[in-house]
Amino acid sequence: MSGVQDQLEIKFRLTDGSDIGPKSFSAATSVATLKENILAQWPKEKENGPKTVKDVKLISAGKILENNRTIGECRSPLCDIPGGVTTMHVVVQPPSSDKEKKVASQPKQNKCVCVIL
């Protein structure tokens, strides 16, 4: 019976309201593995998809999940409904390029010059 409880049904809700899953995962599965699964199943027709695991943030029960933890450790007691599906929200961080950082910092580099005629 504990083998059944160690399996969690999880679906991933994307920002546009569409879902990936549900799929069954072991409670010993790491959050990083979940993110890799999301990358593999990401719909190809969606723009601005994640490129790496670092681009993906998973939120469950209002908490951002850390890559090194297992889903068993992150599980909320409120989500332990027998036979229920846990929904985790997926947020994709836009990649920050060096050009954007330079453009943002340029106004700070401007200096005022006064000329008296």
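Provided above is the structure to which this section pertains.
In this text, all values refer to a predicted model and were calculated from it rather than measured experimentally.

Undergrad: It is not clear to me how the layout of surface pockets should be interpreted in this structure. Could you clarify?
TA: It is the rolling of a water-molecule-sized probe over the atoms that shows where space remains empty. The space that makes up the second largest pocket amounts to roughly 170 Å³. Lys63, Leu65, Arg69, Glu73 and Cys74 are the residues nearest the centre of the second largest pocket, which is lined by 11 residues in total. Looking at the lining of the second largest pocket, the elements with two or more residues in it are strand 4 (63-64) and helix 3 (71-74). Looking at the lining of the second largest pocket residue by residue, the class counts come to four nonpolar, two polar and five charged.

Undergrad: Sorry, what's going on with the packing of aromatic side chains here?
TA: The geometry of an aromatic ring pair is captured by the separation of the ring centres together with the interplanar angle, meaning the angle of the planes. The full count for this structure, using the stated rule, is one aromatic pair. Seen in terms of ring centroids, phenylalanine 12 and phenylalanine 25 are 6.1 Å apart; in terms of plane orientation they differ by 70°. Their pairing is edge-to-face. Here phenylalanine 12, found in strand 1 (residues 7-13), pairs with phenylalanine 25, found in strand 2 (residues 19-26); they are 13 residues apart in sequence, far enough to count as distant. Judged by its relative accessible area of 1%, phenylalanine 12 is buried.

Thresholds applied
- Residues numbered from 1 in each chain as written.
- Predicted model: local features only at pLDDT ≥ 70, side-chain atom pairs only at ≥ 80, totals over all residues.
- Heavy atoms only, no water.
- 1 Å grid on protein atoms, 1.4 Å probe; cavity = no way out; pocket = protein on both sides within 12 Å on 5 of 7 lines; lining within 4 Å.
- Points joined across faces, edges and corners; volume = space filled by probe spheres on them.
- Helix = DSSP H or I, 4+ residues; strand = E, 2+ residues; numbered from the N terminus.
- Nonpolar A, V, L, I, M, F, W, Y, C, P; charged D, E, K, R; others polar.
- Phe/Tyr/Trp six-rings, centres within 6.5 Å; stacked < 30°, edge-to-face > 60°.
- Buried < 20%, exposed > 50% of the residue type's maximum accessible area, 1.4 Å probe, protein only.

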